[in-house]
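# Descriptive analysis of the structure
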Amino acid sequence: MAIEILRRRPPSELYPSKAALDLIRHFEGLSLTGYLDPIGIPTIGYGRTGPVAVVGKRITLAEADALLDEDVASHAQIVRDQITVPLTQGEFDALTSLAFNLGYVPKSLKACLNGGVTDAGKVMTPGSYGSALLQFPRNCRAAGIPLKGLYRRRLAEACLFCDLPWENACSISVIKLQVTEGGQIDANESTSLEDTLMRARLDTSRPPDTSHILKKPWSELVKKAEPVPPNPTGEAEPAEKEAPQPNPPLVSAPVPAPPSGPVAQAPAVVVPAPQPPPPPVKPAPPVGGVIVTKPPPEPVIIAPKTVDVRSIPYGEVTPENGVKNITDSQRGIGMVIVGAGSLIQIITTRLGVGTAVGAIAFDLSRDPVVIALAATAVVAAIGWFTRKRGTKVMTKGMIEAKTLLK
């Protein structure tokens, strides 16, 4: 069934969802024994205060759940009484949790939603939902002091206000609160509302709760039948077609003669006659009596492609045209010329400065060009010694390969 996009409805039509109860249980905590909260108010169960909350008194889990249901219902009614603009389910749940904690909807938040003047003297138009969202982190004080637990709860309620998951985005290890000496929240050292909402939007750890989303009425889901265009014969076809079945010829059953007198004759009753199943239809041969059948597809033959030996570098290898050695290439000749020039330059420069043969040898041993020349000489020597053997083996192998490929 298609799910309707979230829309706002009058608060009188809304009730707290499971998301609101989960948030309240998480932040209120459960205590089956009465205790004093951080500001000295007797509390029991899920944050229940009043005459039933006595320090040291014990209740059962069923009693705690019953007290929670009563408190949630009463504070949801506070939201219905104090908010006059339509709300989404998430906005209603967040305001219910806020009223559960504070006992009322803050003045600035009501001014943003209903329209009016905030505590800062700013005039708001009705339905300023974005400005109302910014009011949640401002209501985190107990006895005038901002508390981290209340700050986390306000950020979680802001996420719920936007229909976003709040569990990971408002984890106790993620949210930070730093208060200045003047008792104000340090915006540079505290977790901002924007960062929290961004983490909530990127959180895919759990699917969103859609149990409270309105479904489309059945009348909107039923698609009306569209008119079917007429067939070529000009007669309208039925909207639904059944599988074609062989229709036996219809015959008229004998009808008894009508009685004498002015009585209308009954119409003939048409009864289908039994008919044997039709024989299988064979394709009719074309003109000439020869049936042309489609030839089967040719089998796919996978075989290695022919390799052109001439594509090998340095051309085809033959006993007359063997593999080139570095001593036969222009690269080797160029390296020898460069090395000889460097050697002459080093010796000439050194002789112009001093005539000590030891100094020249020392300089030559440290020169990178001389080292490269020495390495080149070693490689050239190895290539010269292995030239005959390497040419013979390479030529033999390429001739055998060429024979096989042909």
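All residue numbers refer to position in the chain's written sequence, counted from 1. With pLDDT at 70 or above as the cut-off, local features in this predicted model cover only qualifying residues; side-chain atom pairs require 80 or more to be listed or tallied, and sums for whole chains, interfaces and linings still use all residues. Only hydrogens and water are set aside when side-chain values are computed; all heavy atoms of the structure are taken into account.

Angular values range over 0 to 180 degrees, each being the angle between N-to-C directions of two axes fitted as lines to C-alpha atoms, with helices fitted over their stretch in contact. Comment: elements are numbered from the N terminus, with helices defined as DSSP H or I runs of at least four residues and strands as E runs of at least two. Their axes nearest at 9 Å, the elements helix H1 (residues 18-28) and helix H3 (residues 89-102) cross at an angle of 30 degrees. The two elements H1 and H3 meet at a crossing, and its hand is right-handed. Packed against H1, whose contacting residues are Ala 19, Ala 20, Leu 23, Ile 24 and Glu 28, the element H3 presents Asp 93, Ser 97, Phe 100 and Asn 101 at the interface. For the contact of H1 with H3, the class distribution of residues is 5 nonpolar, 2 polar and 2 charged. Each helix crossing is assigned a hand: it is left-handed if the near helix lies turned anticlockwise from the far helix by less than a right angle, otherwise right-handed if that turn is clockwise. Every residue pair with non-hydrogen atoms within 4.5 Å of one another is taken to be in contact. Basically, the charged four are Asp, Glu, Lys and Arg, the nonpolar ten are Ala, Val, Leu, Ile, Met, Phe, Trp, Tyr, Cys and Pro, and anything else, Gly included, counts as polar.

Below, the discussion takes up the pattern of salt bridges. Between Lys or Arg on one side and Asp or Glu on the other, a salt bridge is scored when a side-chain nitrogen of the former is within 4 Å of a carboxyl oxygen of the latter. For the coordinates displayed, the defined rule picks out 8 salt bridges. The shortest N-O distance in the salt bridge between Arg 153 and Glu 28 comes to 2.7 Å. Placement of the pair is Arg 153 in helix H6 (residues 148-161) and Glu 28 in helix H1, with a sequence separation of 125 residues. Both residues of the pair, Arg 153 and Glu 28, count as buried. Its salt-bridge partner being Arg 48, residue Asp 71 comes within 3.3 Å of it at the nearest N-O pair. Think of it in three bands: with a 1.4 Å probe and only protein chains considered, a residue is buried below 20% of the maximum accessible area for its type, exposed above 50%, and partly exposed in between.

This part is about the layout of surface pockets. Of the pockets and cavities examined, the largest pocket occupies roughly 740 Å³. Along the wall of the largest pocket there are 26 residues; nearest its centre are Glu 28, Asp 37, Asn 101, Leu 150 and Arg 153. Contributing elements (two or more residues each) for the lining of the largest pocket: H1, helix H2 (61-82), H3, strand E5 (141-142) and H6. Partitioned by chemical class, the residues of the lining of the largest pocket number 12 nonpolar, 7 polar and 7 charged. Note on definitions: the grid is 1 Å and covers protein atoms alone; a cavity is a set of points where a 1.4 Å probe fits but cannot get out; a pocket is an open set with protein on both sides within 12 Å along at least five of seven lines; lining residues have an atom within 4 Å of a point. Grid points are joined across faces, edges and corners, and a volume is the space filled by probe spheres set on the points.

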